[in-house]
Amino acid sequence: MAGVIPTSLSSGKEEDGANRNRAALRRVFYGRSLRSLSVGFWVMVIAFLMIRLSPGDPVRIALGSEATEASVAEMRHKLGLDQSIFYQFYRYFINIFKGDLGYSYFSNRSVTSVVTTHLPVTLMIIALSIFLGILLAIPIALFVALSKNQVTTYLFRAFTSISLALPGFFLAVVGLYFFGIKLRWAPAAGYEPGFPGNLQFIWLPALVNCGSLVPVLSRVLHSSLMDTLDEEFVETGVIRGVSKIRFYWSYLLRPSLAPTVVLLSYMIGVMIGGTVIMETIFSLPGIGRELITAVDSRDYPVVQGIVMIFGLIVVFFSFIGDLLGYLLDRRVTLS
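Described in the following lines is the structure provided in the data block. This is a predicted model, so every value here is computed, not measured.

## Examining the packing of aromatic side chains
Part 1 of the reasoning: This structure, assessed with the given rule, holds 14 aromatic pairs.
Part 2 of the reasoning: Pairing Phe 316 with Phe 317 gives two aromatic rings, centres 5.5 Å apart and planes at 80 degrees, and the pair type is edge-to-face.
Part 3 of the reasoning: Given a relative accessible area of 36%, Phe 317 falls into the partly exposed group.
Part 4 of the reasoning: An aromatic cluster of three or more residues is present, and its members are Phe 41, Trp 42, Phe 48, Phe 89, Tyr 92, Phe 93 and Phe 97.

This is the structure in structure tokens:
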């Protein structure tokens with residue numbers, strides 16, 4: 001019959017298209033992996049050079065102002081600081097792959113021990129902040145997009161703009177006073193290790209920390225939802241009479257979440273910076289407070305280790321975000 005495409009030819013074309021898509025995805029995956037490794041290397045270089053180029057001598061700080069030149073020279077030789085900066089970086093780079101991030105100049109604790117002890121607190125705050133941010137941003141953006149009300153949209157944009165203008169430390173102080181002192185819903189200070197007991201200490205810092213996350217995510221998701229609503233397949237879903245849950249997820253949220261997920265992965269660095277402030281205000285034993293203490297005392301190994309870990313976390317989540325954005329919406333082009 002004229003105009004009928006044989007089944008074998010049709011399936012062959014579909015198979016060729018699938019093979020090309022898989023090959024393109026593998027090529028992009030390997031390219032992004034190589035780029036992430038390159039960025040990770042430069043993160044280590046920056047972490048190594050940043051503290052060494054800052055003013056101050058950690059040896060004199062550790063020994064005190066009354067230290068003699070002989071004792072300073074002996075200490076510098078013991079720590080390897082009398083070597084060239086290239087040799088110091090070579091040792092630093094090799095030791096990383098051995099799991100040795102060095103030892104603190106002042107407490108003599110291993111940097112690996114410092115990171116493994118305090119990093120879980122910070123990661124817990126970041127994870128809870130992301131969870132609360134997504135939990136709040138999705139319904140807000142979905143409600144505003146589906147309402148199609150100009151007043152609602154105007155109030156939404158005004159509210160998000162005001163939220164972005166408020167500094168994190170101000171929201172932390174207000175939250176601490178209102179929820180910690182007035183309502184007593186959260187402890188004003190302290191920490192209890194172990195899940196789920198630690199949730200009572202970190203839910204408020206996480207909620208305050210996502211104050212800068214919700215406005216950005218909700219605005220990006222709202223804009224993406226408005227574009228998706230204009231697509232023809234949305235009308236197809238309405239005509240087919242699919243269930244509400246499937247319609248909201250398959251026809252609205254899934255195609256619209258890709259830009260939001262990619263943005264969220266790049267905002268991990270912002271979340272880390274906000275978490276450092278939250279840990280200081282709420283007196284939490286996170287890695288951020290250790291970083292501030294190490295910077296004040298010029299504790300090179302601790303600063304290097306923490307900054308490098310933070311940088312690698314951002315690189316890793318940026319890589320994962322790109323891939324998730326592609327998997328959520330195949331219209332996203334990875335290049």
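Now that the structure is up, let's keep going.
## Focus: the environment of Leu 253
Part 1 of the reasoning: The topology assignment puts Leu 253 in helix H11 (residues 244-266).
Part 2 of the reasoning: Given the relative accessible area of 11%, Leu 253 is considered buried.

## Concerning the packing of helix H5 (residues 111-147) against helix H8 (residues 199-209)
Part 1 of the reasoning: For the pair H5 and H8, interaxial distance at closest approach is 8 Å and the crossing angle is 55 degrees. Comparing their axes, H8 and H5 come out oblique. In this structure, H5 meets H8 at a crossing whose hand is right-handed. Taking contact as the criterion, the partners of Met 124, Ile 125, Leu 128, Ser 129 and Leu 132 in H5 are, on H8, Leu 199, Ile 202, Trp 203, Ala 206, Leu 207 and Asn 209.
Part 2 of the reasoning: Classifying every residue of the contact of H5 with H8 gives nine nonpolar, two polar and no charged.

## Observations concerning the side chain of Gln 88
Part 1 of the reasoning: Along the chain, Gln 88 turns up in helix H4 (residues 85-97).
Part 2 of the reasoning: Here Gln 88 falls in the buried class, since its relative accessible area comes to 12%.
Part 3 of the reasoning: Of note is the side chain of Gln 88, whose polar atom sits 2.9 Å from the backbone oxygen of Gln 83.

## Description of the nonpolar core
Part 1 of the reasoning: Ranked by size, the top nonpolar core spans 50 residues in total, and within it Tyr 92, Leu 119, Leu 213, Phe 282, Ile 287, Met 308 and Phe 310 carry the most contacts.
Part 2 of the reasoning: Per-element tally for this core: the top contributor is H5, with eleven residues.
Part 3 of the reasoning: Sequence-distant contacts of Ile 287, that is, excluding residues within four places in its chain, are made with Val 114, Val 115, His 118, Leu 119, Thr 122, Glu 279, Ile 306 and Phe 310.
Part 4 of the reasoning: One finds Leu 142, Ala 145, Leu 221 and Leu 328 within the second-largest nonpolar core, a separate group that totals 14 residues.

## Quick word on H5
Part 1 of the reasoning: End to end, H5 covers 52 Å across 37 residues, agreeing with the expected 54 Å (1.5 Å per residue, within 8%).
Part 2 of the reasoning: Along H5, the largest kink reaches about 35 degrees and is centred on Leu 119; proline Pro 120 follows within four residues of it.
Part 3 of the reasoning: At the exit of H5 stands Lys 148, carrying a positive phi of roughly 55 degrees.

Rules behind the numbers
Residues numbered from 1 in each chain as written. Predicted model: local features only at pLDDT ≥ 70, side-chain atom pairs only at ≥ 80, totals over all residues. Heavy atoms only, no water. Phe/Tyr/Trp six-rings, centres within 6.5 Å; stacked < 30°, edge-to-face > 60°. Buried < 20%, exposed > 50% of the residue type's maximum accessible area, 1.4 Å probe, protein only. Helix = DSSP H or I, 4+ residues; strand = E, 2+ residues; numbered from the N terminus. Axes fitted to C-alpha atoms, helices over the stretch in contact; angles between N-to-C directions. Parallel < 35°, antiparallel > 145°, perpendicular 65-115°, else oblique. Left-handed = near helix turned anticlockwise from the far one by under 90°. Contact = heavy atoms within 4.5 Å. Nonpolar A, V, L, I, M, F, W, Y, C, P; charged D, E, K, R; others polar. Polar contact = N/O pair within 3.5 Å; in protein donor to acceptor, adjacent residues only side chain to side chain. Core = buried A, V, L, I, M, F, W, Y, C linked by side-chain atoms within 4.5 Å. Expected span 1.5 Å × (residues − 1). Bend = angle between axes of the 7 residues up to and from the residue.

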